[in-house]
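The primary structure of each chain is shown beneath.
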Amino acid sequence: MAYRGMPGMTAPGFESMSNGASRRRSGEPRFTPNSFQYNVRVAIGLVPSAILLLGVGGKPILGVLTVGLMISYILDSLQLRQGAFFGIWGTLLSTMLALVLSGVSFTSAASGSTVMYILTLLVSFYLIFLVGVWASLQFRWFQLENPSVVLALERLLFACIPFTAAAIQTWGVVSAVGMVNAPYYLMLILFEMYWLFTIPHPSSFMLKTERSYGGQISEEALIAGPLESAFHTLTLLFLPLFFYVGSHHAKMFSSIYSACDMLLLFFVPLLFLMFASSRGSLWWLAKDPRDLHQVRLVNGGIATVVIIICLEIRVIFLSFGQYISIAPPWNYTLVTVALMGGAGAVGAFLSGSLSDGTRFVMLSGFLQTAALCGSFVLGLPYKFFPASIIAAYFLSQFCLRKNVISYFVAVLAASVPATWFVVHNFYNLNVWLGGVNIKHICQLIVGSILLAMIIPGLSLIPHKFIHHLVAVGLIGQAVVICMGENRLYNFTNMYYYGLEDDVVYPSYLVVLTSVIGMALTRRLGAEKRIGSWAVWVLFCLYAGKFSMLIITSRNVLWASIVLLLAITPPLVFYKDKGKGLSRMKPWQGLLHAGIVLVAVWFCRNTIFEVLQWVTGQPPSDGLLLGFLVLATGLSSAPIVTQHFPHVQSAKSAMVLVVTFGICLIFIEPPVPQGWVLSQYRTYQRTFYPDELAIYGMTTSHPSWPSWLLVATIVTSLAALTSALPIQHFVELRLFYAVGVGTSGGIYLCAQYFYQAPLLHALLVAAIVCASVFLIFTHLPSASSPRFLPWVFALLVALLPVMYLVEGQIRVKTDTEEDKFVTSLAIEGGRTSLLGLYAAIFMVIALEIKLELTTIMRDKADKLGGRASIVGGPRPRVVQQQRRPTITNSFGVKKLAAEGAWMPAIGNLATILAFALCLTLNVHLTGGSDRSIILLAPILLLLNQDANLLTGFGDRQRYFPSTAVISAYLLISGGYRLWEEVWHGYQSAGWGLETGGPGLFYAAKNTLLLVLTVPNHVMFNRFMWDYVKQSEFVLMLISPLNIPAAIITDVASIRVLAVLGLIFALVQYLVSRHIRIAGMKFI
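The paragraphs below set out a description of the structure included in this document. Only a predicted model underlies this, so the values are computations on that prediction, with no experimental measurement involved.

Across all of its chains, the model carries three salt bridges by this definition. The partner of R314 in a salt bridge is D261, and the shortest N-O contact between them spans 2.9 Å. Here R314, found in helix α13 (residues 289-319), pairs with D261, found in helix α12 (residues 256-277); they are 53 residues apart in sequence, far enough to count as distant. Accessibility expressed as a relative area gives 23% for R314, which makes it partly exposed. As a salt-bridge pair, K545 and E485 come within 2.8 Å of each other at their nearest N and O atoms. Taken together, the residues K545 in the loop between α21 (532-544) and α22 (547-550) and E485 in helix α19 (residues 464-495) connect sequence positions 60 residues apart. An identical accessibility class is assigned to K545 and E485; each is buried.

This part is about helix α27 (residues 621-635). The first and last C-alpha atoms of α27 sit 21 Å apart over 15 residues, in line with the 21 Å expected at 1.5 Å per residue. Extensive coverage of α27 is indicated by the burial of eleven of its 15 residues. For α27, every residue scored as buried is listed here: D621, G622, L623, L624, G626, L628, V629, L630, T632, G633 and S635. Turning to α27, the residues buried within the fold contact α23 (556-567), α25 (586-602), α26 (604-615), α28 (637-643) and α29 (648-667).

This paragraph deals with the environment of F398. Take F398: it is sitting in helix α16 (residues 385-401). Each C-alpha atom, one on F398 and one on G457, is 9.7 Å from the other, the two residues being 59 residues apart in sequence. Sequence-distant contacts of F398, defined by excluding residues within four places in its chain, comprise N403, S406, Y407 and L460.

Right, let's get into the packing of aromatic side chains. Two aromatic rings are characterised by how far apart their centres lie and by the angle between their planes. Scanning all chains against the criterion turns up 29 aromatic pairs. Pairing Y393 with F394 gives two aromatic rings, centres 5.3 Å apart and planes at 90°, and the pair type is edge-to-face. Of the residues examined, Y393 reaches a relative accessible area of 33% and is grouped as partly exposed. Here W536 and F573 contribute two aromatic rings whose centre-to-centre distance is 5.3 Å and whose plane-to-plane angle is 80°, an arrangement assigned as edge-to-face. Taken as a pair, W536 in helix α21 and F573 in the loop between α24 (569-572) and α25 lie far apart in primary sequence, 37 residues in all. In this structure W536 comes out as buried when scored by relative accessible area, which is 18%. Taken together, the ring pairs in this structure connect F36, Y38, F158, F197 and F205 into an aromatic cluster.

What counts and how
Residues numbered from 1 in each chain as written. Predicted model: local features only at pLDDT ≥ 70, side-chain atom pairs only at ≥ 80, totals over all residues. Heavy atoms only, no water. Salt bridge = Lys/Arg side-chain N within 4 Å of Asp/Glu carboxyl O. Helix = DSSP H or I, 4+ residues; strand = E, 2+ residues; numbered from the N terminus. Buried < 20%, exposed > 50% of the residue type's maximum accessible area, 1.4 Å probe, protein only. Expected span 1.5 Å × (residues − 1). Contact = heavy atoms within 4.5 Å. Phe/Tyr/Trp six-rings, centres within 6.5 Å; stacked < 30°, edge-to-face > 60°.

Bear in mind that shape data such as this cannot, by itself, settle questions of function.
Next up, the structure:
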């Protein structure tokens, strides 16, 4: 059975299943790594949903995504493909966590119901997971290493996107336009999802073995299976109806209109399903194409009759009953006959049942009956009746004989009753809609109708000039439709504040005209009736109308169209069909980038209104400028990704522009007065005396240093992306390091240390030292080993100087009555200083750790490569077992040749960072026990050192962290026990006399504290040498932690006991793993 509309595809049935064995022997489809071919389809389903979720999440979600994707991009640009892969998944997991922690309230219903909130959160998580699956399919190394997983993920995308995307997109549409017609919005979105993902498509990663199957694609090569297709079909048929029942159950049977809604929500999807079955969507259901054709005819006919009757009741008599001039019951009869006659003519013509000699008589009879009844219903004067009959006659003649003259006669005759209807009912009314008189609207309607009737006839004339004329006519018609809908829908929403009862043009008509326009444009482009440039313009015009559904603004329609016209040319044009390469030249790329910039500047008013609508207040100048820059960078992305992916400068420029815009959005620096648009100066924040009287005068921070932070971030990213070639020139590197350090230091001084101006020079010097040290460690020069230790020494020496000078300066400059305020200022300033230095030392330790790891890996690779050259190839297991030996042989002595100062400074920076973090922990939290779990991993940055840690190597890298945790909790438990018992007194008898902790309390908890020590000592010894210890001893001392975890009165001792049990379990599992690995190696 061949799929209709898809040549070369076969519907799998029992026949194909019975011949499966012979086909597998002749050539079974096999996995082939390839690029994912359905990115556009997946993007249509996931991108709008992701944008909606991003808008709901706000700045926290946007910040997490920005940082994570920038890290992934940097890893990908450094050819670290696996790092980029895990970076993307880490970003998505962080987004899920941020979505929970930020407490996002999705909707009022979700915020009021815990169940709804959890369900909405789960759907959002599932969408994020599908985005990660989509991103995973883009990595070729992932395809090579996990072929079965790739096939499963591709099938998972096609199976799950219709459900998730339909739910989230319907939620977004309902949030924008209301809940009244929500089931119909869901139905339309399900139509789109069904067409995109249920129509059978071959897998991107299965080799097409058409020769083995007689020119047909086998069932195994399809993405979606019968189960997924069946679920999609059932969802299409019943989910809109169930949604209506769930949302309107209170008045479901209160009127005939509700019953019509339910019938429409079932039979319209059924009619769409019958149409989609002609493209193979029901391949899993029917075995014989003739049976499927009969099912299509019967169900399509029933659905058409029910839909016509329901539309007659629900739409025609409800909304347009005032235009029907016939009294009941003849009005119902004539309208039904007219609609049935038109539907019968269309159905008979499309089904091909008029192949005999009576086809002209039947078609003409249907059309003339429909035209005559319609003329009676609309109250057309009798003198115009012949025009309707003539139009129907010549239209039927054209449908059967394709005579262009007959078509134009039909158009001329049909224009008479259409024009009369508009003029008679609307033209003479003194009504203003959308700011214009209704006469203007009538002219647009008549012009659109005439163009819609003339253009199809012109497209049948086989002449090149006529085809261009048809394209111009279609564009003109689309522009007229946009102008009319902008006035009728957008402007009336503005004047009536979006009240549904006062809007004369419903939103579903905007969606309907847009979808029909794009579908016809696609069909005309596929049949080569119009050129690609016309298809491009028409798609932009019709797609731009969807913006009116999202936001109400005077210029949102034309701004969207201009942006689409500026963004899409790199995606549509400049394609070499023979080689698939880009034909865009550099000057063309610059020209398109300039066009995008001009388009964004043209749409600045709309961007301002969108930001005001989203935030609920006029945006600041920095926020507006940031979104303009971000829109420019993202709009220029297709130029780089499609035509200049091999040009590093183009990619760097795009990343820098996008980063600059994001920085402006988050930081919102002050914009100079000359940059502010004159029409927005009325929105500037002003302060009044009553506000000062209520809130008082607060200390204002200077806002200009935020530009220094923006410059620091952008220049740092420019250096990372090689846009700034600091790796080639030492002088430029030094100038860059000093400049970045100076700008960062001035920003910190102005924002966080603004009340200590005499310390600014010392603080700027410290930041400059840190910047110089980090940059020249990452990109060393010939003199780096000589001056970098002195730079680090100066950085360390500045800490106690600034710590002491901070207090001395404030004490000397303040008066006696401000001592308390001064002490608080000194405490806050010193805390900020310690936090800043802890961060600096941590970054330095991390940089040195990465550099040393790179050096040792390179040395190990060289030694391993040399050994393989001498001795030939070795088994992989042997190489893995010998790699630690090679690394250890490159130890302290070999490291001295690369710069022995690096391990010592790295260890010193790690210890200082850990000590400062402990100090801050004691000062800010009172010495929280939970904090040591977060602070101990800092010690993973320790290195093997020729002076301090000579016996410390890669094998002992976890020992400092576990030892510090044990020691800290042991000391904390002892201190808290002493504090509870003594209360600061020298005699424990005071506690006994007052009923407080006494001798028994101290003895019990001291004994429990001692019982937890053996497990920690044994585990830390194991973490040092990984020597297997006696399991009997481990089983003997582990239960000693149970009493301490249950009956102790000190929280630190309880945590110590629980950790002892966890350490015992970890020690047992690691020892067992080492023993099994050793047995396998032997």
